[in-house]
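Take a look at the letters that make up each chain.
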Number of protein chains: 2
Amino acid sequence: MDPQKSGRRRFLTNGATLAGLVLAPSAVSLSSTSVSAAGAGAAADVDDVNSLDAVLYGRRSRFVTTVRSIEGMSHPDVMPPRPNPYRPSARTPVGDLMGIITPTSLHFTTQHFYGVPDINPAEHKLMVHGLVERPLVFTVDELKRLPFVSRIHFLECIGNRPSPNGRSAADTHGRMGCSEWTGVPLSVLLKEAGLKNEAKWIIAEGSEDGKHVKSVPLPKALDDVMVAYGQNGEPVRPDHGFPLRLIVPGFEGIYNVKWLRRIKVVDQPYVTFQEHSRFIGRDPKTQPNSFEFGPKSIITYPSGTHQLPNRGSYVITGVAWSGGGPIRKVDVSIDGGKTYKEAEISGPILSKAFTRFYLPWKWDGEEAVLQSRALDEKGQMQPTEAEYAKYWGLTRQQLYAATPSQLGHCNWILPWKVDRMGKVTNGLPPVGAVVDAHSA
Amino acid sequence: MDPQKSGRRRFLTNGATLAGLVLAPSAVSLSSTSVSAAGAGAAADVDDVNSLDAVLYGRRSRFVTTVRSIEGMSHPDVMPPRPNPYRPSARTPVGDLMGIITPTSLHFTTQHFYGVPDINPAEHKLMVHGLVERPLVFTVDELKRLPFVSRIHFLECIGNRPSPNGRSAADTHGRMGCSEWTGVPLSVLLKEAGLKNEAKWIIAEGSEDGKHVKSVPLPKALDDVMVAYGQNGEPVRPDHGFPLRLIVPGFEGIYNVKWLRRIKVVDQPYVTFQEHSRFIGRDPKTQPNSFEFGPKSIITYPSGTHQLPNRGSYVITGVAWSGGGPIRKVDVSIDGGKTYKEAEISGPILSKAFTRFYLPWKWDGEEAVLQSRALDEKGQMQPTEAEYAKYWGLTRQQLYAATPSQLGHCNWILPWKVDRMGKVTNGLPPVGAVVDAHSA
């Protein structure tokens, strides 16, 4: 083996180099690192990486300060008064993500204007009833005694709509995340209960004050839906549905009912308050789209609000996903879509999960417009904004004045513009009125 | 589609049922859940799931209290005096894990008796030098501008040895975890630096007070080794090597040098203090084993200290992994290895990563001895304790009196015994002296 004869490309010296990268051997020196003076016996300090608390349950470096961003109220006129407790929704800091797993602490949460219930899992139960032979009630411990699956899937709110008004990737795509979910296949519970012939849909209901309810067609419920008790190796957290959450892979976020307490088997979809008020379009053309997300992708670095420090070598990176299955490939453009190159995939390609991609890029200091497009296993290609608007017969103005329920899943391409100072901004031209796509 | 005609097994009513599972429709009722009375404006409370802090950076339910367990000093006679800061090592709570991702907060950490450095990433550098054409120094930001990989891999300390003295799975197998690691392939850096013909090994050095150093053969360094800056979607945490950690997939944990600051290319392995004192055996028979873990597995539920609540249906579950590549299959025995059944795999099978398996089990109230064995893609089968001892020509007593460096990777099977009261204990018969296998 002679590594020097390897044909693999050299990313740095074949192009512009990173600043100050190559040193003569005599010039090599390392900065010394400071070490906290506090020992294990010192007084508790939340920033002390050597504290007993940090040994028992680890914590981040004090130099890492990424947090979720808080969303405002969006439709106060159509929603009930704020209950108490009230808790705002929060967006994933998409521009800081790496890999395909979203840290649970940074995973978006949409609250529908109710507080997060503080549920004691020992007292929580899940009922399965309706058009079944044997109504069942499970405790959480009983569910953990059943066959289970553990899979990595994205979760995305239909409000995750590319918009010229978003400054950052968190603004436009912060209502999504990707976790390993562990739980019981819903099919196990439904078969145990015994489905009656008239069974066609299930209704899933949460425990929060608002009693969020969602209708799921039975074929999907028997396919890959699960009642999850685990997220990224721990119990599902309170703001993600502790102790039980319905996971409906590839479907809109709102189907993934949190604090799940009831599955009712029925013969038709219910049109509940939440479903009716914002999430079901009246146009039959949109109905088939109201379940499964099409292929989407977003460049996370560089993205809006980022600043390139200097000319030279970079990797453009982002995530791609599809409600239809695995991603087949991702293309990246640095010229606003005139030309594309196929991106490298940096990790596993899993069905209905984030797929991390990157493309090495040498920035020459000129303006650039970066964008990506995903192709999924079904052969569906992520559309441009123009293609999307044309399909629906809308002008740009109309596109951004429409609510999500009128439009399907809004999977058009969002470009990022890099100016000559290295500043990165939203690459979609401004429009006038934009409907806040916040929903589920 | 007629779900009632499905041939899939029914796990509950075909065997014993979970207690109190089937209810008449009229008896169905759900417990109401309590909701925290504190709103977003209330005073900060660490348990308040609706607090501003919890919106910005999520937290666990107050009902979830799993933590890492603290390890004692193991060889005070051969180690230097405890420095200040001192930080103990901590074990993963293996018996509470689900899926294949270990939450970073619960991932084991071995500290080699030095505190965790509190490194400012803006001041940290990585030097690549030695037998190279161009010595290089990188900042963390510069490394993030290079091609990267993001893969899910286990990390395991050689001290993770099945032993009759461990009460729980954390005691015997708590020195392991599995994360998504994101970083630059070391091959990219080495090719950029340009390897000289005499290059045969690399030496990796950390930044902590002890300056941990490890020698890695060049073929491995050019294969799948990476300089990681990300773990489970966030920057690597301080106790896992923030801001940079060498990841050497499938090799002993000690190779995965934390707080990485230096890669020196050399012509032979260095025998440094840490390598010499405990981790390199003198017997040539053990040398080939001192890199790559063989196939291993452990049942995580039920495992030591668990208590089965009653007779009935359970799932026996655990994880399997191998340093040699993907797991091909896992078998589970409920009679101490007399007979085995092939387990179901509940999630993705990834190379050099945990693979989650389960087997439905109906406990009839009699004594049972549960154990698993893993087969990897190389065709290597996890051995029994007797097979392992025979290979090394040792009695049981000698096996447990030997240090890891004399034994390879200690991948023999650990059974769990379930008594008639449902109490789960270590299934290995006691021996006298057991060497604490704590190491890396």
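Engineer: Can you help me understand the overall build of chain A in this one?
Structural biologist: Along its length, chain A carries 8 helices and 21 strands. In chain A, buried positions account for 62% of the 440 residues. Considering only contacts in chain A between residues 6 or more positions apart, those separated by 24 or more positions represent 73%. Of the roughly 15800 Å² of accessible surface on chain A, 51% is carried by carbon and sulfur atoms.

Engineer: Sorry if this is basic, but what is going on with the confidence of the model for chain A here?
Structural biologist: Atom-level detail of predicted coordinates should not be read off regions where pLDDT is low. Residue and element names in this part refer to chain A. In this model, chain A carries a mean pLDDT of 85, and residues with pLDDT of at least 70 account for 80%. Low pLDDT, under 50, characterises residues 13–17; the predicted model gives this stretch 7 contacts beyond four residues in sequence or across chains. Within the model, the stretch residues 19–46 combines pLDDT values under 50 with 52 contacts to residues more than four positions away or in other chains.

Engineer: Mind showing me how you'd approach unusual backbone geometry here?
Structural biologist: Glycine aside, residues mostly have negative phi angles, and peptide bonds mostly take the trans form. Residue Pro243(A) is reached from Phe242(A) by a cis peptide bond, and omega for that bond is 5°. One can find Pro243(A) in the loop between β10 (234–235) and β11 (245–247). Following Tyr301(A), the chain continues into Pro302(A) via a peptide bond in cis, with omega recorded as -10°. Even without a glycine there, the phi angle at Lys211(B) is positive, about 50°. In this fold, Lys211(B) is placed in the loop between β7 (201–206) and β8 (213–217). Even without being glycine, Asn232(B) reaches a positive phi, approximately 50°. Position of Asn232(B) among the secondary structure elements: in the loop between β9 (226–231) and β10 (234–235). When its relative accessible area of 6% is taken as the criterion, Asn232(B) is described as buried.

Engineer: I'm lost on the nonpolar core in this one. Help?
Structural biologist: Looking at soluble globular proteins, one finds that nonpolar side chains tend to be buried together. Counting residues in each nonpolar core, the largest one holds 92 residues, and the members touching the most others are Trp361(A) and Trp361(B). Those residues in contact with Trp361(A), other than ones at most four positions away along the chain, are Pro302(A), Leu308(A), Gly312(A), Ser313(A), Tyr314(A), Ile316(A), Ile334(A), Ala368(A), Leu370(A) and Val418(A).

Engineer: Looking at this model, I keep getting lost on the pattern of salt bridges. Mind explaining?
Structural biologist: Where charged atoms from two side chains of opposite charge approach closely, those side chains can pair. Considering all chains together, one arrives at 28 salt bridges over all chains under this definition. Between Lys329(B) and Asp331(B) there is a salt bridge, with its nearest N and O atoms 3.2 Å apart. Residue classification places Lys329(B) among the partly exposed positions, given a relative accessible area of 27%. Here the residues in one salt-bridge network are Arg60(A), Glu234(B) and Arg237(B), joined through shared partners.

Engineer: Before we go on, may I ask you to explain helix α4 (residues 186–193) of chain A in this structure?
Structural biologist: Spacing of three or four residues puts side chains on the same side of an α-helix, whose turn is 3.6 residues. All names here are of chain A. The element α4 is largely enclosed, with a buried count of 8 among its 8 residues. Listing the buried residues of α4 in full gives Leu186, Ser187, Val188, Leu189, Leu190, Lys191, Glu192 and Ala193. At the exit of α4 stands glycine 194, carrying a positive phi of roughly 85°.

Engineer: What is the right way to look at the pairing of strand β8 (residues 213–217) of chain A in this model?
Structural biologist: Along any regular strand the residues' side chains alternate between the sheet's two faces. All names here are of chain A. In terms of residue burial, β8 counts as a mostly covered element, since 5 of its 5 residues are buried. Side chains of β8 alternate between two faces, with Val213, Ser215 and Pro217 and Lys214 and Val216 buried alike. Summarising the sheet, strand β7 (residues 201–206) and β8 pair through 5 bridges and their orientation is antiparallel. By the bridge assignment for β8, isoleucine 203 is matched with serine 215.

Engineer: Could you clarify how one ought to interpret the sheet that holds strand β14 (residues 312–321) of chain A in this entry?
Structural biologist: Consider a sheet: its strands pair through backbone hydrogen bonds, and that pairing is either parallel or antiparallel. Residues and elements named next belong to chain A. One open sheet accounts for 4 strands, arranged β13-β14-β18-β17; its pairing is antiparallel. Every interior strand has two partners, whereas the edge strands, β13 (296–301) and β17 (344–345), have only one. Summarising the sheet, β14 and strand β18 (residues 355–363) pair through 9 bridges and their orientation is antiparallel. The residue bridging alanine 320 from the neighbouring strand is threonine 355, located in β18.

Engineer: What is the right way to read the sheet that holds strand β3 (residues 125–130) of chain A from this model?
Structural biologist: Residues and elements named next belong to chain A. In space, the 5 strands of this open sheet follow the order β4-β3-β12-β7-β8, with mixed pairing throughout. Taken across any chain shown, the strands that pair with only one partner, and hence form the sheet edges, are β4 (136–139) and β8. Ignoring strand direction, the axes of neighbouring strands in this sheet form an average angle of 15°. Looking at chain direction, β3 and β4 are connected through 4 bridges and run antiparallel. Considered in β4, the bridge of leucine 126 is made with phenylalanine 138.

Engineer: Explain the environment of Gly95(A) here, please?
Structural biologist: All names here are of chain A. Looking at where glycine 95 falls in the secondary structure, it is placed in the loop between β2 (90–91) and β3. Note on glycine 95: relative accessible area 18%, which makes it buried. Spatially, the C-alpha atoms of glycine 95 and serine 303 are 6.3 Å apart, while their sequence positions differ by 208 residues. The contacts of glycine 95, once residues within four sequence positions are left out, are Ala169, Thr300, Ser303 and His306.

Engineer: Hey, could you run me through the environment of Val248(B) in this one?
Structural biologist: Residue and element names in this part refer to chain B. Looking at where valine 248 falls in the secondary structure, it is placed in the loop between β11 (245–247) and β12 (260–266). The buried category is assigned to valine 248, whose relative accessible area is 1%. Distance in space between the C-alpha atoms of valine 248 and aspartate 223 is 9.4 Å, their sequence separation being 25 residues. With residues near it in sequence (within four places) discarded, valine 248 still touches Lys220, Val225, Tyr255 and Asn256.

Engineer: Help me understand the packing of aromatic side chains in this model?
Structural biologist: The geometry of two aromatic rings is summed up by the distance between their centres and the angle between their planes. All names here are of chain A. According to the stated counting rule, one finds 20 aromatic pairs over all chains in the structure shown. Ring geometry for tyrosine 388 against tryptophan 412: centres 4.8 Å apart, planes inclined by 55°, an arrangement best described as tilted. Separated by 24 residues along the polypeptide, tyrosine 388 in helix α7 (residues 385–392) and tryptophan 412 in the loop between α8 (396–401) and β20 (416–418) bring together distant segments of the chain. Among the residues examined, tryptophan 412 registers a relative accessible area of 1% and is labelled buried. A centroid spacing of 5.6 Å and a plane angle of 80° characterise the contact between tyrosine 400 and tryptophan 412, whose relative ring orientation is edge-to-face. A residue pair is termed long-range when its members are at least 10 positions apart, and tyrosine 400 in helix α8 and tryptophan 412 in the loop between α8 and β20 qualify at 12 residues.

Engineer: What is the right way to read the side chain of Gln111(A) from this model?
Structural biologist: Residues and elements named next belong to chain A. The residue glutamine 111 is located in the loop between β2 and β3 in this model. Residue classification places glutamine 111 among the buried residues on the basis of a relative accessible area of 3%. Of note is the side chain of glutamine 111, whose polar atom sits 2.3 Å from the side chain of threonine 109. Reaching out from glutamine 111, the side chain makes a polar contact with the side chain of lysine 258 at a distance of 3.5 Å. Sequence-distant contacts of glutamine 111, defined by excluding residues within four places in its chain, comprise Arg87, Pro88, Ser89, Val116, Asp239, Lys258 and Trp259.

Reading guide: rules and limits
Residues numbered from 1 in each chain as written. Chains lettered and ligands numbered in written order. Predicted model: local features only at pLDDT ≥ 70, side-chain atom pairs only at ≥ 80, totals over all residues. Heavy atoms only, no water. Helix = DSSP H or I, 4+ residues; strand = E, 2+ residues; numbered from the N terminus. Buried < 20%, exposed > 50% of the residue type's maximum accessible area, 1.4 Å probe, protein only. Contact = heavy atoms within 4.5 Å. Areas by Shrake-Rupley, 256 points an atom, 1.4 Å probe, with all protein chains shown as cover. pLDDT = per-residue confidence, 0-100. Core = buried A, V, L, I, M, F, W, Y, C linked by side-chain atoms within 4.5 Å. Salt bridge = Lys/Arg side-chain N within 4 Å of Asp/Glu carboxyl O. Pairing = 2+ DSSP bridges. Axes fitted to C-alpha atoms, helices over the stretch in contact; angles between N-to-C directions. Phe/Tyr/Trp six-rings, centres within 6.5 Å; stacked < 30°, edge-to-face > 60°. Polar contact = N/O pair within 3.5 Å; in protein donor to acceptor, adjacent residues only side chain to side chain.

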